[in-house]
Amino acid sequence: MKIQFEIKEKLPEIIAEVRHSDKWQTTVVEKTHGLERVTIKDPNYDSEACIEIWEHEIHVRTAWSNYTYRVFKRGDSCWCEYIGAYRGLLEQTLLPTLTPKMNILDSVVIESSLTGNKKETLRTYSSENLKLKNFRRDNFKEEYNRTSLQDHPTIVYDEYIKEGMPMPSPYDDK
């Protein structure tokens, strides 16, 4: 799935958080003209994410799943482009703060294996994704039992969505 959405944070704030956060340990891997490559490591788990910091954008490749986030400036706004599985959207612990400016369910899914290049809102996409999940569960019980229970995210998860409510932080203690 590929989706873009405007975020509340500004690029300098995000870069500062990547470089100096209490949530992780930052290590500079490479620094060349115009590019700084860093890794951020979770102090509690054997997990790290790779981040490339450019002048006008950053790229985050998540720890185990290799989902990517591209944070960039568009005019006076800051945007995020996510490429990865629906269940992974904004779910990573090793991710700088990215707060969607509008209800993320109104963001357009640009492309996906489910809808192809047909542009749908995340709300529609999640509904179709849930139908597909339920179809698999009902018709392929044996195979479904072997799939991950983490088939859907906990934050943008269809059954937990409360319209107009802010999304909880992935860092909150549970």
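### Observations regarding the overall build of the protein chain
Link 1 in the chain: Regarding its fold elements, the protein chain presents three helices and nine strands.
Link 2 in the chain: In sequence order, the secondary structure elements of the protein chain are arranged as β-α-β-β-β-β-β-β-β-β-α-α.
Link 3 in the chain: Relative to its full complement of 174 residues, the protein chain shows a buried share of 40%.
Link 4 in the chain: Sequence-distant contacts, at least 24 apart, represent 48% of the contacts inside the protein chain between residues at least 6 apart.
Link 5 in the chain: Surface accessibility of the protein chain: about 10,600 Å² in total, with carbon and sulfur atoms responsible for 50%.

### Quick look at the pattern of salt bridges
Link 1 in the chain: In total, this model carries eleven salt bridges according to the counting rule given.
Link 2 in the chain: Residues glutamate 81 and lysine 2 are paired through a salt bridge, measuring 3.9 Å at the closest nitrogen-oxygen approach. Placement of the pair is glutamate 81 in strand S7 (residues 77-83) and lysine 2 in strand S1 (residues 2-7), with a sequence separation of 79 residues.
Link 3 in the chain: Classification of glutamate 81 as buried rests on a relative accessible area of 10%.

### Some words on the packing of aromatic side chains
Link 1 in the chain: Within the structure shown, the criterion is met by two aromatic pairs.
Link 2 in the chain: Judged by centre distance (5.9 Å) and plane angle (75 degrees), the ring pair of tyrosine 67 and tyrosine 82 falls under edge-to-face. A residue pair is termed long-range when its members are at least 10 positions apart, and tyrosine 67 in the loop between strand S5 (57-61) and strand S6 (68-74) and tyrosine 82 in strand S7 qualify at 15 residues. Like tyrosine 67, the residue tyrosine 82 is buried in the burial classification.
Link 3 in the chain: Taken together, a centroid distance of 4.9 Å and an interplanar angle of 45 degrees make the contact between tyrosine 69 and tyrosine 82 tilted. With a gap of 13 residues between them, tyrosine 69 in strand S6 and tyrosine 82 in strand S7 connect regions that are remote in the sequence.
Link 4 in the chain: Each member of the aromatic cluster is reached from another via a ring pair, and the members are Tyr67, Tyr69 and Tyr82.

### Let's talk about the state of the cysteines
Link 1 in the chain: Per the stated rule, a full pass over the model turns up zero disulfides.
Link 2 in the chain: Of all cysteine sulfurs, the one in cysteine 78 lies closest to cysteine 80, which takes part in no disulfide; the gap is 8.3 Å.
Link 3 in the chain: On the basis of relative accessibility, which here comes to 0%, the residue cysteine 80 falls in the buried class.

### Digging into the nonpolar core
Link 1 in the chain: The biggest cluster of nonpolar side chains holds 34 residues, and the ones touching the most others in it are Met1, Val71, Leu89, Leu98 and Leu122.
Link 2 in the chain: Contributing elements (two or more residues each) for this core: S1, helix H1 (11-19), strand S3 (35-41), strand S4 (48-53), S5, S6, S7 and helix H2 (122-139).
Link 3 in the chain: No other element matches H1, which puts four residues into this core.
Link 4 in the chain: Ignoring anything within four residues of it in the chain, the contact list for valine 71 reads Ile7, Leu11, Ile14, His56, Glu57, Ile58, Cys78, Trp79, Cys80 and Leu98.

### Notes on the confidence of the model for the protein chain
Link 1 in the chain: Across the protein chain, pLDDT averages 81, with 78% of residues at or above 70.
Link 2 in the chain: Within the model, pLDDT remains below 50 along residues 152-165, and this stretch shows 37 contacts once partners closer than five positions in the same chain are excluded.

Cut-offs applied
Residues numbered from 1 in each chain as written. Predicted model: local features only at pLDDT ≥ 70, side-chain atom pairs only at ≥ 80, totals over all residues. Heavy atoms only, no water. Helix = DSSP H or I, 4+ residues; strand = E, 2+ residues; numbered from the N terminus. Buried < 20%, exposed > 50% of the residue type's maximum accessible area, 1.4 Å probe, protein only. Contact = heavy atoms within 4.5 Å. Areas by Shrake-Rupley, 256 points an atom, 1.4 Å probe, with all protein chains shown as cover. Salt bridge = Lys/Arg side-chain N within 4 Å of Asp/Glu carboxyl O. Phe/Tyr/Trp six-rings, centres within 6.5 Å; stacked < 30°, edge-to-face > 60°. Disulfide = S-S within 2.5 Å. Core = buried A, V, L, I, M, F, W, Y, C linked by side-chain atoms within 4.5 Å. pLDDT = per-residue confidence, 0-100.

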